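Now for the letters of each chain:
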Amino acid sequence: RKSKPFTQYALQDDQQRRALAVSLALSPFMKAALVIYMLLYFFEVPSWCWLEEDACGDPDVIPRSPLAAQIDVAVSRLLQMLLLAVFLVHEVALGQALWKFSGWTRFCILVLSFAILDNAMACFNGYGLPPSNIYWSPLLRPLVFLSLDRSVQKFVHQAAVAISNKNVRDLVIMQLIFIVLWGWLGLLLFARTKEGDAYFDDLEHSI
């Protein structure tokens, strides 16, 4: 059976057509924007330097990339919010055009919204969303990349299917059993010794 043309039958609503136009307009810039977003990490001020001027330490003692701190943290946050907004508009527009928000699209919208909110909050309090000892912005970059890159999504899906295989699960369980077993043997063999006191004082440390 011959399929119906997509544009004639699927995009009968004006809102869908406008959403598709926005998505197509942004699509050529998505890969370049994602590369820039990921590369910002190498040029921005490290996250542990955000709250205190001397938190980075002496550069002669603490090694760091020569590229680091080339972009001020305020400029970096503005660039991140701009790029994240482009990603978010593209994904929402594409989902609206197709009248379909897949699991990956919902995950992408959630991560992007969280990242934008974190950067916006960081402009006011210096660290982003609470708690203050966790800097979400660097941690969210891999999730943003995962939610936008289709090849990585395919790999994760294939890996999840492989891990869910019964033989793989049995192998992982067997490995865990052997780890516990060797830790227990270490407790028995090195009891009341200098090495045992250092590395095998209880089951948790021996594992």
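Above this note sits the structure.
These numbers come from a predicted model, not from an experiment.

Procedures and definitions
- Residues numbered from 1 in each chain as written.
- Predicted model: local features only at pLDDT ≥ 70, side-chain atom pairs only at ≥ 80, totals over all residues.
- Heavy atoms only, no water.
- Helix = DSSP H or I, 4+ residues; strand = E, 2+ residues; numbered from the N terminus.
- Buried < 20%, exposed > 50% of the residue type's maximum accessible area, 1.4 Å probe, protein only.
- Contact = heavy atoms within 4.5 Å.
- Areas by Shrake-Rupley, 256 points an atom, 1.4 Å probe, with all protein chains shown as cover.
- Core = buried A, V, L, I, M, F, W, Y, C linked by side-chain atoms within 4.5 Å.
- Phe/Tyr/Trp six-rings, centres within 6.5 Å; stacked < 30°, edge-to-face > 60°.
- Lys NZ or Arg CZ within 6 Å of the ring centre and 35° of its normal.
- Salt bridge = Lys/Arg side-chain N within 4 Å of Asp/Glu carboxyl O.
- Expected span 1.5 Å × (residues − 1).
- Polar contact = N/O pair within 3.5 Å; in protein donor to acceptor, adjacent residues only side chain to side chain.

**Student:** Would you explain the overall build of the protein in this entry?
**Tutor:** Helix and strand counts for the protein come out as nine helices and zero strands. Its helices and strands taken in sequence order, the protein reads α-α-α-α-α-α-α-α-α from the N to the C terminus. A total of 207 residues make up the protein; the buried ones form 29% of that total. Long-range contacts, defined as pairs at least 24 residues apart, comprise 65% of the intrachain contacts of the protein with a sequence gap of at least 6. As presented, the protein carries roughly 14300 Å² of accessible surface, and 67% of it is formed by carbon and sulfur atoms.

**Student:** Help me out: how do you make sense of the nonpolar core in this one?
**Tutor:** Grouped together as the largest cluster of nonpolar side chains are 17 residues, with contacts concentrated most on Y37, L83, L84, F87, L112, V144 and L148. Sorting the residues of this core by element identifies helix 2 (14-43), helix 3 (73-98), helix 4 (103-125) and helix 5 (136-148) as the ones contributing at least two each. Leaving out residues up to four positions away in the same chain, L84 has contacts with Y37, L112, A115, I116, N119 and V144.

**Student:** Explain the packing of aromatic side chains here, please?
**Tutor:** To describe a pair of aromatic rings, one takes the distance between the centres and the angle between the planes. Inspection of the entire model under this criterion finds four aromatic pairs. Taking the centre distance of 5.8 Å and the plane angle of 80 degrees together, the rings of Y41 and F42 count as edge-to-face. Relative accessible area serves as the criterion here: at 45%, Y41 is assigned to the partly exposed category. Between the aromatic rings of W104 and F107, the centroid separation amounts to 5.9 Å while the plane-to-plane angle is 80 degrees, which identifies the pairing as edge-to-face. On the criterion of helical spacing, the pair formed by W104 and F107 is a turn pair, its members being three residues apart in helix 4. Its relative accessible area of 26% is what places F107 among the partly exposed residues. Positioned above the aromatic ring of Y37, the side-chain terminus of R141 is 5.2 Å from the ring centre.

**Student:** Just to check I follow, could you spell out the pattern of salt bridges for this structure?
**Tutor:** One pass over the structure, following the stated rule, counts four salt bridges. Of the charged contacts in the structure, one is a salt bridge between R17 and D14, with a shortest N-O distance of 2.9 Å. With R17 and D14 both in helix 2 and three residues apart, the pair spans about one turn of that helix. Residue class for D14 comes out partly exposed when judged on its relative accessible area of 49%. The partner of R141 in a salt bridge is E44, and the shortest N-O contact between them spans 3.2 Å. With R141 in helix 5 and E44 in the loop between helix 2 and helix 3, this residue pair connects regions lying 97 residues apart in the sequence.

**Student:** What's the story with helix 7 (residues 166-189) in this structure? I'm lost.
**Tutor:** In an α-helix, one full turn covers 3.6 residues, which means residues spaced three or four apart are oriented alike. With 24 residues, helix 7 should cover 34 Å at 1.5 Å per step; its first-to-last C-alpha distance of 34 Å lies within 8% of that length. Two or three places before N167, at the start of helix 7, stands the capping residue N165, its side-chain oxygen 2.8 Å from that residue's backbone nitrogen.

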